[in-house]
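Each chain is listed here by its residues.
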Amino acid sequence: MTRSTPLRDRAQGRWASLLPMIGVDARFLTGRKNGPCPMCGGKTRFRFDDKEGRGTWICNNCGAGDGPALAMKVLGIGFRELAERLEPLIADAAVTPRRRERSHHEQRADLNRLWNEALPIRAGDPAALYLTARTGLTSFPRCLRVVEQLRYQDDAPSYHPAMIAMVSGPSGRAATLHRTYLTRDGRKADVEVPRRLMPGRIPDGAAIRLFPPAETLGIAEGIETALAAASLFAIPVWAAVSSTMLAKWHPPDGTREIVVFGDADPKFGGQAAAYTLAHRLAVNDRAVRVELPPRVGIDWDDVWNEGHVAPTGNQSVDV
Ligand SMILES: [Zn+2]
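Residues numbered from 1 in each chain as written. Predicted model: local features only at pLDDT ≥ 70, side-chain atom pairs only at ≥ 80, totals over all residues.

1. Things to note about the overall build of the protein chain
Link 1 in the chain: A tally of helices and strands in the protein chain yields 11 helices and 13 strands.
Link 2 in the chain: For the protein chain, with 319 residues in total, the buried portion stands at 35%.
Link 3 in the chain: Pairs at least 24 residues apart make up 58% of the contacts formed inside the protein chain by residues separated by at least 6 positions. (Helix = DSSP H or I, 4+ residues; strand = E, 2+ residues; numbered from the N terminus. Buried ≥ 20, exposed ≤ 12 C-beta atoms within 10 Å, placed from the backbone. Contact = placed C-beta atoms within 7 Å.)

Put into structure tokens, the structure is as follows:
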């Protein structure tokens, strides 16, 4: 390549060595896991993923970009100055061997390993303490179906214990796993991203099937919200994981009535997702209704914890 080739092309594959040469600390560039962000700090919000050798990165706070964008932001310089600093270095900068994307098959093997090594939830472990406190599942050890879909992972002392949930596609086939990091005494761990979806193909319509399919079935966003709504309304409720997945959810065969338990977000994201789903089901002639918490800013596990009673008056907790 000659000097007339655009700088981005000539630098491709070399960002992991170029960036430290011009002053971006190499400790931000390991790419192995999330860490502090060189632009905004934090502890686990940044990852240098270097896709296609373009120096790409992603930060939960700053957004995402490529190698030049990272250098310009960290060093506070414009592209022209960046080009001048890089030009004498490019030819000698080492090329990072391309990291192979993990195949679908390998991802599934990883997920299976995690699931099989995770433990069944037992009374008194952090996941059971967490669920009992948040969702009213006092009869927790008897909730066999819930136990089948949720497990408990403890990598102590390396990291936080986690509740692991199985995410299944519309056919019921396992798609991926979802992790919620917890403290030993059963609270949500104080980490930047306490909930995480593992890699894997997630088909539209997927959910965490916390109960067997039923004629009247509820669907909520989070596991905690779903279980709290199940406790409050005394119907089985599944968790769609996120508002995006809630809007795309498909009820299983045999379900006659669907109750969508939305979050009451101040910016209406939860409500929008709930009504998007309800609208799609209704235009397909499905019986559906939406239940929202009584105040904006709370979700159903807040309702449970505040001791509210469901609008329909169902109070039994027999899940
Ligand atoms: Zn950042």
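2. Considering the sheet that holds strand E9 (residues 195–197)
Link 1 in the chain: Spatially, E5-E6-E7-E8-E9 is the arrangement adopted by the five strands of the open sheet, whose pairing is antiparallel. Looking at the sheet topology across the chains shown, the edges are occupied by strand E5 (119–120) and E9.
Link 2 in the chain: By the bridge criterion, two bridges tie E5 to strand E6 (residues 150–153) in an arrangement that is antiparallel. Bridge pairing in E6 places Leu119 opposite Tyr152. (Pairing = 2+ DSSP bridges.)

3. What about the environment of Arg10?
Link 1 in the chain: Within the fold, Arg10 resides in helix H1 (residues 7–11).
Link 2 in the chain: Among the residues examined, Arg10 registers 18 C-beta atoms within 10 Å and is labelled partly exposed.
Link 3 in the chain: On a C-alpha basis, the gap between Arg10 and Ile90 in space is 7.2 Å, while along the polypeptide they are 80 residues apart.

4. Section: unusual backbone geometry
Link 1 in the chain: A positive phi angle, close to 50°, is found at Asp50, a residue other than glycine.
Link 2 in the chain: Along the chain, Asp50 falls in the loop between strand E2 (41–48) and strand E3 (57–59).
Link 3 in the chain: According to the C-beta neighbour criterion, Asp50 is buried, with 21 such atoms within 10 Å.
Link 4 in the chain: Although it is not a glycine, Asp285 sits at a positive phi angle of roughly 65°.
Link 5 in the chain: Here Asp285 lies in the loop between helix H10 (269–283) and strand E13 (287–291).
Link 6 in the chain: Given 7 C-beta atoms within a 10 Å radius, Asp285 is considered exposed.

5. With respect to the pairing of E13
Link 1 in the chain: In the sheet, strand E12 (residues 257–261) pairs with E13 via five bridges, with the strands oriented parallel. Within E13, the position partnered with Val259 by the bridge is Arg289.
Link 2 in the chain: Traced from E12 through H10 to E13, the parallel crossover comes out right-handed. (Right-handed = clockwise from strand over helix to strand, strands pointing away.)

6. Some thoughts on the sheet that holds strand E10 (residues 216–220)
Link 1 in the chain: In spatial order, the strands read E11-E10-E12-E13; together these four strands make up an open sheet with parallel pairing. Looking along the sheet, the strands with just one partner apiece sit at the ends: strand E11 (237–239) and E13. Adjacent strand axes in the sheet meet at a mean angle of 25° when their direction is disregarded.
Link 2 in the chain: In terms of strand pairing, E10 meets E12 through five bridges, oriented parallel. Bridge pairing in E12 places Leu217 opposite Ile258. (Axes fitted to C-alpha atoms, helices over the stretch in contact; angles between N-to-C directions.)

7. Notes on the nonpolar core
Link 1 in the chain: Ranked by size, the top nonpolar core spans 54 residues in total, and within it Ile219, Ala226, Ala229, Val237, Trp238, Ala239 and Ala240 carry the most contacts.
Link 2 in the chain: Ala226 has contacts with Leu210, Ala220, Val237, Trp238 and Ala239, leaving out every residue within four places of it along the chain.
Link 3 in the chain: If you look at the next biggest cluster of nonpolar residues, it comprises 16 residues, including Ala11, Phe28, Phe46 and Cys59. (Core = buried A, V, L, I, M, F, W, Y, C linked by C-beta atoms within 7 Å.)

8. Concerning the packing of helix H6 (residues 126–135) against helix H8 (residues 223–233)
Link 1 in the chain: Closest axis-to-axis distance for the H6/H8 pair is 9 Å, and the angle between their directions is 55°. One finds that H6 runs oblique with respect to H8. As for how H6 packs across H8, the hand of that crossing is right-handed. From H6, Leu131, Arg134 and Thr135 reach across to H8, where they touch Glu224, Leu227, Ala228 and Ser231.
Link 2 in the chain: Here the contact of H6 with H8 is built from residues that sort into three nonpolar, two polar and two charged. (Parallel < 35°, antiparallel > 145°, perpendicular 65-115°, else oblique. Left-handed = near helix turned anticlockwise from the far one by under 90°. Nonpolar A, V, L, I, M, F, W, Y, C, P; charged D, E, K, R; others polar.)

9. Quick look at the confidence of the model for the protein chain
Link 1 in the chain: Averaged over every residue, the pLDDT of the protein chain is 86; the share at 70 or more is 89%.
Link 2 in the chain: Looking at the elements of the protein chain, mean pLDDT is at its lowest for helix H7 (residues 144–149), recorded as 65, and at its highest for E12, recorded as 98.
Link 3 in the chain: Counting interchain partners and residues more than four positions distant, the pLDDT-below-50 stretch residues 313–319 has 15 contacts. (pLDDT = per-residue confidence, 0-100.)

10. Focus on helix H3 (residues 67–75)
Link 1 in the chain: Of the residues making up H3, those classed as buried are Gly67, Pro68, Leu70 and Ala71. Angularly, the buried residues of H3 cover 160° about the axis, an arc narrow enough to put them on a single face.
Link 2 in the chain: Contacts made by the buried residues of H3 are with H1, helix H2 (15–21), E3, strand E4 (63–65) and helix H4 (79–86).
Link 3 in the chain: Looking one or two residues past H3, Gly76 carries a phi angle of roughly 65°, positive in sign. (Arc of directions from axis to C-beta.)

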